[in-house]
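Okay, here's what each chain looks like letter by letter:
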Amino acid sequence: MVPMLNMGSLPLANRLETLGSTSDKAYPLVVYYCHNCALIQLADLVPRNEMFTDYVYLTSASKTMTDHFNRYAETITQRLDLTTKDNVLDVGSNDGTLLKAFQRHGVKVLGIEPARNVASIAEAGGVPTLTEYFDLKLAKTLQKVRLVTANNILSHVGNLRDFLATVAQVLRHDGLFVFEVPWVADVLRNHSFDMIYHEHLSYFGLRSLARALQEAGLFLVDLEYYPSIHGGTFRGFASPSSKESSFVLREMSAREENEADFWALKEFSERVPKLAQHLRDILLGLKKEGKRIAGYGAPAKATILLNYCGIGRDILDYASDTTPLKQGKFIPGVGVPVVSPQLAQTKPPDYYLLLAWNFREEILAKEKEFIERGGRFVVPFPYPEVVDS
Ligand code: DWN
């Protein structure tokens with residue numbers, strides 16, 4: 001493994017601070033490339049309980065993701081012809097958004113979610129959820145299922161081999177493992193370096209992922225690509241029995257050839273510090289003109305973007321976020337307060353820095369009035385720019 005991009009020591013992305021509980025805790029963030037398995041990854045691990053016991057991200061916080069998971073349940077129910085006799089196991093089930101959608105199709109569901117506070121939201125919504133990590137010990141207590149889903153989870157897993165072996169263990173022979181992960185080719189192409197944080201241990205390309213699955217006896221057989229989900233996501237379909245790969249999968253693998261390799265990562269790593277400086281310069285220029293700037297959204301990514309670029313309270317008045325769990329807290333390291341959109345509306349800025357850039361379409365449509373009144377958005381990726389549409 002070779003170190004490629006050293007982002008310094010940064011705070012944990014989702015560890016929002018409360019008044020009186022600020023800490024300077026920061027952890028090294030260095031991206032490595034493995035010449036053996038082609039996996040782009042972190043090597044400095046933060047204990048998982050520090051990150052996942054109490055979680056602030058809720059899947060249902062955006063309409064885009066809720067719609068996406070509703071459609072997901074519908075298409076997979078049809079694809080596998082799931083009936084009331086079938087069970088779906090969702091690993092990292094968060095607030096149960098996906099499982100609720102499966103329930104509406106009459107399928108039996110079980111969620112596995114280690115974050116206690118988030119699991120209890122799912123339970124309260126009628127989604128049976130185990131507050132556990134998914135491992136071989138837990139698998140022994142579970143019955144075999146037709147479908148295992150894990151969305152935006154594989155990147156977070158410390159021991160990928162164990163995790164995938166556990167999936168293989170609980171999956172029926174005629175079952176399917178369906179998962180979503182951000183596609184590293186998009187991260188590199190869009191320069192979205194804020195997707196790199198301690199929770200995300202692996203940055204998958206198709207080659208590295210297929211290899212990891214195969215070690216567990218799972219075969220990547222099909223793929224769907226969602227360019228507007230988390231900046232570019234692929235949904236993988238892995239089977240324990242079939243090895244026949246689809247045309248789309250073969251096409252995408254060929255397309256990825258030079259887009260997720262050592263050289264692509266090297267070019268990205270050289271560009272990142274320059275793009276960070278450019279974003280900061282744009283914001284400082286606006287401040288010099290006397291403009292008021294606030295952040296739009298307080299995603300995990302924002303902690304990295306703001307800390308790495310040196311964008312603090314001298315530049316951003318606040319960050320507005322719809323998630324009640326985040327409101328009243330502060331983005332770690334920079335201390336930018338997170339407020340509700342209602343509060344933000346009482347003191348709107350001249351410019352919003354679009355921290356939740358992956359929801360650009362949804363947000364710009366929602367903020368039509370702000371734009372019509374002369375408000376503008378600073379979009380950080382793929383190149384920092386000011387936009388009004
Ligand atoms: O892997 C991960 C992904 C899937 O989700 C995580 N480790 C944690 C999380 O990452 P994130 O926090 O960067 O996710 P989002 O979905 O980009 O977060 C968007 C944030 O913006 C949410 O806090 C909700 C907020 N938001 C808002 O305030 N107004 C979103 C929309 C669409 C809005 O209109």
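Everything below is about the structure shown above.
I will try to describe carefully the structure that is included in this document. Values in this document were obtained by computation on a predicted structure and should not be read as measured data. (Residues numbered from 1 in each chain as written. Predicted model: local features only at pLDDT ≥ 70, side-chain atom pairs only at ≥ 80, totals over all residues. Heavy atoms only, no water.)

Let us look at the pattern of salt bridges. Tallied over the entire structure, the rule returns 18 salt bridges. A salt bridge links Glu215 to Arg161, with the shortest nitrogen-to-oxygen separation between them at 2.6 Å. Of this pair, Glu215 sits in helix α8 (residues 206-215) while Arg161 sits in helix α6 (residues 160-170), placing them 54 residues apart in sequence. You can call Arg161 exposed: its relative accessible area is 59%. The partner of Asp388 in a salt bridge is Arg376, with the nearest N and O atoms 3.7 Å apart. Of this pair, Asp388 sits in the segment after β18 (385-387) while Arg376 sits in strand β17 (residues 376-379), placing them twelve residues apart in sequence. On the basis of relative accessibility, which here comes to 39%, the residue Asp388 falls in the partly exposed class. Arg376 sits in the partly exposed class, given a relative accessible area of 24%. Each of Arg79, Glu180, Asp222, Glu224 and Arg235 takes part in salt bridges that share partners, so that together they form one network. (Salt bridge = Lys/Arg side-chain N within 4 Å of Asp/Glu carboxyl O. Helix = DSSP H or I, 4+ residues; strand = E, 2+ residues; numbered from the N terminus. Buried < 20%, exposed > 50% of the residue type's maximum accessible area, 1.4 Å probe, protein only.)

Taking strand neighbours across the sheet as the criterion, the seven strands line up as β14-β15-β13-β12-β16-β17-β18 in an open arrangement whose pairing is mixed. Sheet topology places β14 (330-331) and β18 at the edges, where each strand pairs with a single neighbour. Two elements, strand β12 (residues 293-296) and strand β13 (residues 316-320), share three bridges in a ladder whose sense is parallel. Bridge assignment links Gly295 to a residue of β13, and that residue is Ala319. (Pairing = 2+ DSSP bridges.)

The subject of this paragraph is the sheet that holds strand β6 (residues 129-130). Spatially, seven strands are ordered β6-β5-β4-β7-β8-β11-β10 in an open sheet, and the strand pairing comes out mixed. If you trace the sheet from one side to the other, it starts and ends with β6 and β10 (219-226), each paired once. In this sheet, strand β5 (residues 108-112) lies alongside strand β4 (residues 87-91) in parallel orientation, the contact comprising five bridges. Bridge pairing links Leu89 to Leu110 in β5. The sheet strands contacting helix α3 (residues 97-104) are β4, β5 and β7 (145-151), and the helix crosses β5 at an angle near 170°. Lying on the sheet, α8 is in contact with β8 (171-182), β10 and β11 (233-239); it crosses β10 at an angle near 145°. (Contact = heavy atoms within 4.5 Å. Axes fitted to C-alpha atoms, helices over the stretch in contact; angles between N-to-C directions.)

Taken together, 27 residues lie near the ligand, and Glu199, Lys301, Asp321, Lys326 and Lys366 sit nearest. Within the side chain of Glu199, a nitrogen or oxygen atom sits 2.6 Å from a nitrogen atom of the ligand. Within the side chain of Lys366, one N or O atom sits 2.4 Å away from an oxygen atom of the ligand. Considered on its own, the ligand offers 720 Å² of accessible surface; in the complex 97% of this is hidden by protein. The element that contributes the greatest number of residues to the shell around the ligand is helix α13 (residues 360-366), accounting for three residues. Among the residues forming the shell around the ligand, the class breakdown is ten nonpolar, eleven polar and six charged. (Near = heavy atom within 4 Å. Polar contact = N/O pair within 3.5 Å; in protein donor to acceptor, adjacent residues only side chain to side chain. Areas by Shrake-Rupley, 256 points an atom, 1.4 Å probe, with all protein chains shown as cover. Nonpolar A, V, L, I, M, F, W, Y, C, P; charged D, E, K, R; others polar.)

Here helix α9 (residues 247-256) has its buried residues at Leu249, Met252 and Glu256. When α9 is viewed along its axis, its buried side chains cluster within an angular range of 70° and face the same direction. The outward face of α9, more than 90 degrees from its buried face, is lined by the exposed residues Phe247 and Ala254. Each element contacted by the buried residues of α9 is listed here: α8 and β10. (Arc of directions from axis to C-beta.)

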